[in-house]
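# Examining the three-dimensional arrangement
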Amino acid sequence: MNRRVLVRAAECAALSLIALWMAACRFLPGVAKWWMDAATLPASERLSRLSAHAPFPLLEVAALAAALVMALGLARALWRCARSRCLRPLGRFGRVATGMALALLAGYALMWYPAYFTASADVPAATDAQVAALCEALIERLNGAALSFPTVEGALREAERAACFAGGEAVPAGAVKAARYPEWMRALGAAGLYSPWTAEAIVDGGASPAALIFTGCHELMHLKGIADEGWANIAAWTACRRAGGAAAESADLWALRYAMSALCAADGAAWRACAAQMDDRLFEVFGGMNGFAGLVRREPGAVAAMAGIGGASVRYDALVGWLAGGFAQD
């Protein structure tokens with residue numbers, strides 16, 4: 001058996017093992033819960049403490065390094081193909097690329113995918129009247145708030161402090177980082193992102209500090225093992241409200257943004273009436289975090305739907321139903 005066949009067999013075996021593992025997590029919830037408690041959460045906590053020492057997101061460094069290696073490898077393969085007039089060097093490059101892709105997929109399957117199947121019941125949708133009432137209640141509370149927020153760096157540290165109110169292990173300083181190159185986040189339309197490979201919460205530091213605290217806390221809920229986006233929002237809102245101060249106000253501002261977006265889609269007149277109730281300070285802060293622009297409701301991709309995580313990966317607005325439906329005791 002030649003080397004090429006052995007490599008292909010190894011790749012197929014690795015992909016089959018990953019697929020079997022993901023199937024076990026999806027269809028045997030006990031497996032996912034056991035793995036999260038025994039491996040993913042302890043490993044993520046240790047990895048987070050290590051990555052927190054770096055003053056920059058390690059994910060960005062790794063991505064840039066991988067892109068450079070791949071670009072150089074491809075250029076070298078193409079040069080050798082041109083010289084030898086055969087496609088064998090390109091085949092070697094393809095095997096390297098496949099190996100890197102399998103490594104990334106294995107990391108995702110072990111460090112993140114099981115978290116989708118350890119919790120998360122659906123939250124009933126709120127009625128239009130409930131959403132309007134929630135907007136009015138949040139506006140009334142925020143009109144009386146200080147709405148004084150720290151600098152970007154202070155907002156990141158405040159997010160880490162607030163995350164400790166969610167229980168579990170304390171979050172190390174430096175667990176939330178601002179992207180050095182936030183353009184890629186803006187291109188993806190992402191205010192924040194959690195990297196399971198480096199256990200880092202990464203946010204767009206160019207966003208309003210009023211928004212950053214809650215965004216950072218939301219990403220840290222992923223570090224604590226909550227993969228479902230809706231429940232990560234709920235957990236972050238609860239933790240921020242318990243923390244009080246600027247964190248509580250940031251949480252209410254994000255809740256208002258989700259609620260106002262839902263209200264705008266359902267009843268434009270009610271949305272305008274709620275906006276008119278904001279005092280000047282709240283109007284300025286809310287506008288500074290693009291609150292009046294609304295939020296585009298994302299649809300799950302085909303791959304996410306096939307993996308059984310379609311809804312959990314996009315239902316950020318579950319916070320509205322949870323608050324408007326009276327689930328929150330605050």
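Residues numbered from 1 in each chain as written. Predicted model: local features only at pLDDT ≥ 70, side-chain atom pairs only at ≥ 80, totals over all residues. Heavy atoms only, no water.

Quick look at the packing of helix 10 (residues 245-266) against helix 12 (residues 280-288) now. Interaxial distance between helix 10 and helix 12 falls to 11 Å at its minimum, and their mutual angle equals 75°. What the angle tells us is that helix 10 and helix 12 run roughly perpendicular. Contacts between helix 10 and helix 12 pair Leu 253, Leu 256, Arg 257 and Met 260 from the former with Leu 282, Val 285 and Phe 286 from the latter. For the contact of helix 10 with helix 12, the per-class residue count stands at six nonpolar, no polar and one charged. (Axes fitted to C-alpha atoms, helices over the stretch in contact; angles between N-to-C directions. Helix = DSSP H or I, 4+ residues; strand = E, 2+ residues; numbered from the N terminus. Parallel < 35°, antiparallel > 145°, perpendicular 65-115°, else oblique. Contact = heavy atoms within 4.5 Å. Nonpolar A, V, L, I, M, F, W, Y, C, P; charged D, E, K, R; others polar.)

The strand order across the open sheet built from three strands is 1-3-2, with neighbouring strands paired in mixed fashion. Two strands in the sheet have a free side with no partner beyond their single neighbour: strand 1 (176-178) and strand 2 (192-195). Mean inter-strand twist for the sheet, computed between neighbouring axes without regard to direction, equals 25°. Of the strands in this sheet, strand 1, strand 2 and strand 3 (200-203) touch helix 3 (residues 58-84), which is tilted by about 85° from strand 3. (Pairing = 2+ DSSP bridges.)

Moving on, we come to unusual backbone geometry. Of note, the phi angle at Leu 147 is positive, near 55°, even though the residue is not glycine. Note that Leu 147 resides in the loop between helix 5 (128-143) and helix 6 (152-163). Phi angles above zero are rare outside glycine, and Asn 290 is one such case at about 60°. Mapping Asn 290 onto the fold places it in the loop between helix 12 and helix 13 (302-306). Since its relative accessible area comes to 49%, Asn 290 is described here as partly exposed. (Buried < 20%, exposed > 50% of the residue type's maximum accessible area, 1.4 Å probe, protein only.)

Moving on to helix 2 (residues 29-51). Maximal helix bending in helix 2 amounts to about 50°, located at Met 36. The complete set of buried residues in helix 2 reads Ala 32, Met 36, Ala 39, Thr 40, Leu 41, Ser 44, Ser 48 and Ser 51. (Bend = angle between axes of the 7 residues up to and from the residue.)

Our focus in this paragraph is a positive patch on the surface. Together, Arg 3, Arg 4, Arg 76, Arg 80, Arg 83, Arg 88 and Arg 92 make up a positively charged patch on the protein surface. For the positive patch, the element with the highest residue contribution is helix 3, accounting for three residues. In this structure, Arg 83 sits in helix 3. We classify Arg 83 as exposed; its relative accessible area is 65%. (Patch = residues over 30% accessible without salt bridge, like charges linked within 9 Å, V, L, I, M, F, W, Y side chains within 5 Å. Areas by Shrake-Rupley, 256 points an atom, 1.4 Å probe, with all protein chains shown as cover. Salt bridge = Lys/Arg side-chain N within 4 Å of Asp/Glu carboxyl O. Lys, Arg positive; Asp, Glu negative; His and termini not counted. Charge placed at Lys NZ, Arg CZ, Asp CG, Glu CD.)

Positionally, Ser 51 belongs in helix 2. Once you skip the residues sitting within four places of it in the chain, Ser 51 turns out to touch Leu 58, Lys 177, Thr 198, Ala 199 and Glu 200.

Examined against the element boundaries, Gly 91 turns out to sit in helix 4 (residues 88-111). When the C-alpha positions of Gly 91 and Cys 81 are compared, they lie 9.9 Å apart, and in sequence the two are ten residues distant.

Residues Leu 74, Leu 78 and Leu 90 make up a contiguous nonpolar surface patch of about 230 Å² in total accessible area. Mapped onto the secondary structure, Leu 90 falls in helix 4. Its relative accessible area of 32% is what places Leu 90 among the partly exposed residues.

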